[in-house]
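# Descriptive structure summary
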Amino acid sequence: MIKFPQGFLYGSATSAAQSEGAANLDGKSENTWDFWYKEDPYKFHNLIGPEKTTDIYHNYEKDVELLEKTGHSVFRTSIGWSRLIPAMDGEVNPKAVKFYRDYFSKIKEKNITLYINLFHFDMPMYLMDIGGWTNKKTVEAYVSYAKKCFELFDDLVDGWFTFNEPIVHVQCQYMSGHHYPAEVNPQKAIQCAFYTQLASSSAIKAYREMDGKKKIGIILNLTPSYPRSDNVGDLKAAEISELFNTASFLDPSVKGYYPKELVDIIANEDLLPEYTDQDLQIIKENTIDFLGVNYYQPLRVMENPYLYKDNAMFSPGKYYMGYDMPGKRMNPYRGWEIYPKALYDIAINIRDNYGNIEWLVTENGMGVEDEERFRKDGQIQDDYRIEFFKEHLYWLSKAIEEGANCKGYQVWTFIDCWSWLNAYKNRYGLVELDLKTGERKIKKSGEWFYELRKNNGFEL
Ligand code: BG6
C-alpha cells in the first residue's frame, strides 16, 4: 500500500478557456484563441474552436457534484481575463463576477480547496493588439486585473497562482508557432519571458500590499533534461537546457534572480530584454510562497555537433538538441515520453536546490485518442490512465518519504476538455464528455480516484 501524509490533497486542474465555453456570451470579449479560430479554423483539430468547450459556464452546479463524486479535495481553474475585463478601459463585467462567485461558492460549499490561476495562455485580444507580453503596458494591465481578482474573489480562494506554464506561451508565441501570433522572433521571445516574470512578481507585490493572507505562487512545467551520455558535451547540453527550460522561471520566482549563466548566454547573443533596476528589484523582493508543478514528459538532450553560421538566428538549439532515445516509452497519441521517475527527480531538485519550498503537482495526466474503444458496460475503462497515475504517485511518495515538501497531486483533467490546437483529439478527463449531447459520465479512473482520496493511498 502506498500512503500519503495526512491532509495530502487530491484533485484535478483545468483552465477557463479550455472548460468554460460561452466564449461569446455575457459580455466576454475575444481572447487570442477566439480570434485565431475565427481567422484560421483549419489550425484546429476537426475544426473545433474554443467557443463551446466543456461548457462548465452553463453546467457548473452539476459539475461541482462530479468533483465530489470523483473524490476531489482540491481543484484548480483559472479566471478568463477577457471575460472579467472585456476592454482596455478596465471596467469589470458584472456577469463575469456573478458567474465566478457562484461557481467558486459551489466548490467551497463542498469543502474543496480552491486554487485560482490568473493566466493560462488566454491573452485578451485588446492587449495582444498592442503586443501582448512584449509590451510593458500589458504588465500594468495584468496587475490591475490581478488586483480586481484579489478584491472580488479572495474570500472564496485558498491559494493564487499568477501564471500557468509561462515558458509555454513564450516558446509557442515567439519560437514554435503554436500560439497566436505564431511569430519566430527570439528578441520578442526574451522580452515576453521577462515581462511575464515581471508581471508575476508585480502581482505578488500587489497582493501582499493588499494584505492578502492566502498563499500565492506560480505554476511551472518542470521537464528535467537528461543527457544522452556522460560525455562532457552532453552534460553541458543538459545543463544549458535546464537553464532555458527550468531555471528561466523557477529561479526568479523562487530565488528572486536569474542564473548568471543564463544571463551571460542571452547577453552574448545580444538579446537582453529591456528592463530597469526597479523591475529587477520587484522580482527580487516578491518571490513565491508555494509552487505548482506540471509534469508530463522529460527532455532528453545531446550536444549540438553542428556549427552555427555567424549570422544564424538565435535558438536554444544552438546549445543543445533533442535526443530521440531508442526504446523510450511513449504515449503515442500525444507523442510524449512517459517517464514517471522524473517526478522523483523534480522533487529532489526542489528539496535540494530550491529551499524545499512547499509545492504540489498541479498537472499530470495522459491524453488518449478514441477512448470510445475502451467502453464496456457503458463506461470508459481507462486502466492505462490508472496505471499512469499509480506509477507517478509511487515516485512521488518515495520523494515525500525522503523529505520532499509536496502537499498534493492534481491530475489533468476533471472533465474531458478542449485543448489548444488539438481540440478534443486526446481525452484526459476523469469524467467523459459526450461532445454531441454534452452528457458527462465518470470513467473508471474517476472511480479509482475517489478510492485513492478515501484511502489516502492505493494498493500497488
Ligand atoms: C499543459 C497545459 O501543458 O498540458 C494544459 O497547462 C494542456 O493547458 C495540457 O491542455 C495537456 O496538453 P495538450 O496540448 O495535450 O492539451
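A brief structural summary.

Rules behind the numbers
Residues numbered from 1 in each chain as written. Predicted model: local features only at pLDDT ≥ 70, side-chain atom pairs only at ≥ 80, totals over all residues. Heavy atoms only, no water. Near = heavy atom within 4 Å. Polar contact = N/O pair within 3.5 Å; in protein donor to acceptor, adjacent residues only side chain to side chain. Areas by Shrake-Rupley, 256 points an atom, 1.4 Å probe, with all protein chains shown as cover. Nonpolar A, V, L, I, M, F, W, Y, C, P; charged D, E, K, R; others polar. Core = buried A, V, L, I, M, F, W, Y, C linked by side-chain atoms within 4.5 Å. Buried < 20%, exposed > 50% of the residue type's maximum accessible area, 1.4 Å probe, protein only. Helix = DSSP H or I, 4+ residues; strand = E, 2+ residues; numbered from the N terminus. Pairing = 2+ DSSP bridges. Salt bridge = Lys/Arg side-chain N within 4 Å of Asp/Glu carboxyl O. Contact = heavy atoms within 4.5 Å. Axes fitted to C-alpha atoms, helices over the stretch in contact; angles between N-to-C directions. Parallel < 35°, antiparallel > 145°, perpendicular 65-115°, else oblique. Left-handed = near helix turned anticlockwise from the far one by under 90°.

### Some thoughts on the site of the ligand
- Contacts to the ligand come from 14 residues, most closely from Gln18, Glu165, Arg334, Ser419 and Tyr428.
- At 2.8 Å, a side-chain N or O of glutamate 363 approaches an oxygen atom of the ligand.
- In the environment of the ligand, an oxygen atom lies 2.6 Å from a nitrogen or oxygen atom belonging to the side chain of serine 419.
- For the ligand, whose accessible area on its own is 380 Å², the fraction buried by protein is 92%.
- Considering only residue class, the shell around the ligand consists of six nonpolar, five polar and three charged.

### Topic: the nonpolar core
- One finds Ile79, Trp81, Tyr142, Phe153, Trp160 and Leu396 to be the most contacted residues of the largest nonpolar core, which totals 139 residues.
- For this core, the element with the highest residue contribution is helix α9 (residues 186–209), accounting for twelve residues.

### Here we look at the pairing of strand β8 (residues 290–294)
- Burial analysis of β8 places five of its five residues in the buried class, which makes it a mostly covered element.
- Because side chains alternate across β8, one face comprises the buried residues Phe290, Gly292 and Asn294, and the other comprises Leu291 and Val293, equally buried.
- In this sheet, β8 lies alongside strand β6 (residues 215–221) in parallel orientation, the contact comprising five bridges. The partner of isoleucine 218 across the bridge, within β8, is leucine 291.
- Sheet analysis places β8 next to strand β13 (residues 359–363), joined by four bridges and oriented parallel. Among the inter-strand pairings, leucine 291 is bridged to a residue of β13, identified as tryptophan 359.

### Digging into the pattern of salt bridges
- All told, the structure shown has 40 salt bridges when counted by the stated rule.
- With a shortest N-O distance of 3.2 Å, lysine 110 and glutamate 68 are connected by a salt bridge. Of this pair, lysine 110 sits in the loop between α5 (94–109) and β4 (113–117) while glutamate 68 sits in helix α3 (residues 56–69), placing them 42 residues apart in sequence.
- Note that glutamate 432 is salt-bridged to arginine 375, the shortest N-O span being 2.6 Å. One end of the pair, glutamate 432, is in strand β19 (residues 431–433); the other, arginine 375, is in strand β15 (residues 375–376), and 57 residues separate them in sequence.
- For glutamate 432, a relative accessible area of 11% translates into the label buried.
- By relative accessible area, arginine 375 is classed as partly exposed at 26%.

### Here we look at the side chain of serine 201
- Secondary-structure assignment places serine 201 in helix α9.
- Excluding residues that lie within four positions of it along the chain, serine 201 makes contacts with Ile282, Ile283 and Asn286.

### A short note on the environment of isoleucine 357
- Structurally, isoleucine 357 is set in the loop between α13 (341–353) and β13.
- Of the residues examined, isoleucine 357 reaches a relative accessible area of 12% and is grouped as buried.
- Once the C-alpha coordinates of isoleucine 357 and isoleucine 288 are considered, the two residues, 69 residues apart in sequence, prove to be 9.1 Å apart.
- If sequence neighbours within four positions are ignored, isoleucine 357 has contacts with Val254, Ile288, Asp289, Phe290, Ile350 and Asn405.

### Overview of the packing of α13 against helix α14 (residues 383–401)
- One way to put it is that α13 packs onto α14 with a least axis distance of 7 Å and a crossing angle of 25°. Taken together, α13 and α14 sit at an angle that is classed as roughly parallel. Crossing hand, α13 versus α14: right-handed. Across the interface between the two elements, Lys341, Leu343, Tyr344, Ala347 and Ile348 of α13 pack against His392, Trp395, Leu396, Lys398 and Ala399 of α14.
- Split into classes, the residues belonging to the contact of α13 with α14 amount to seven nonpolar, one polar and two charged.

### Things to note about the pairing of β13
- Burial analysis of β13 places five of its five residues in the buried class, the great majority of the element.
- As paired elements, β13 and strand β17 (residues 406–411) share two bridges and run parallel to each other. From the neighbouring strand, valine 361 faces β17, where its bridge partner is tyrosine 409.

### Considering the environment of glutamate 30
- In this fold, glutamate 30 is placed in the loop between α1 (16–19) and α2 (32–39).
- Sequence separation between glutamate 30 and glutamate 51 is 21 residues, and the spatial gap between their C-alpha atoms is 9.9 Å.
- Look past the residues within four positions of glutamate 30 in its chain and what remains in contact with it is Phe35, Lys38, Ser82, Pro124 and Met125.
- At 2.8 Å, the side chain of glutamate 30 forms a polar contact with the side chain of lysine 38.

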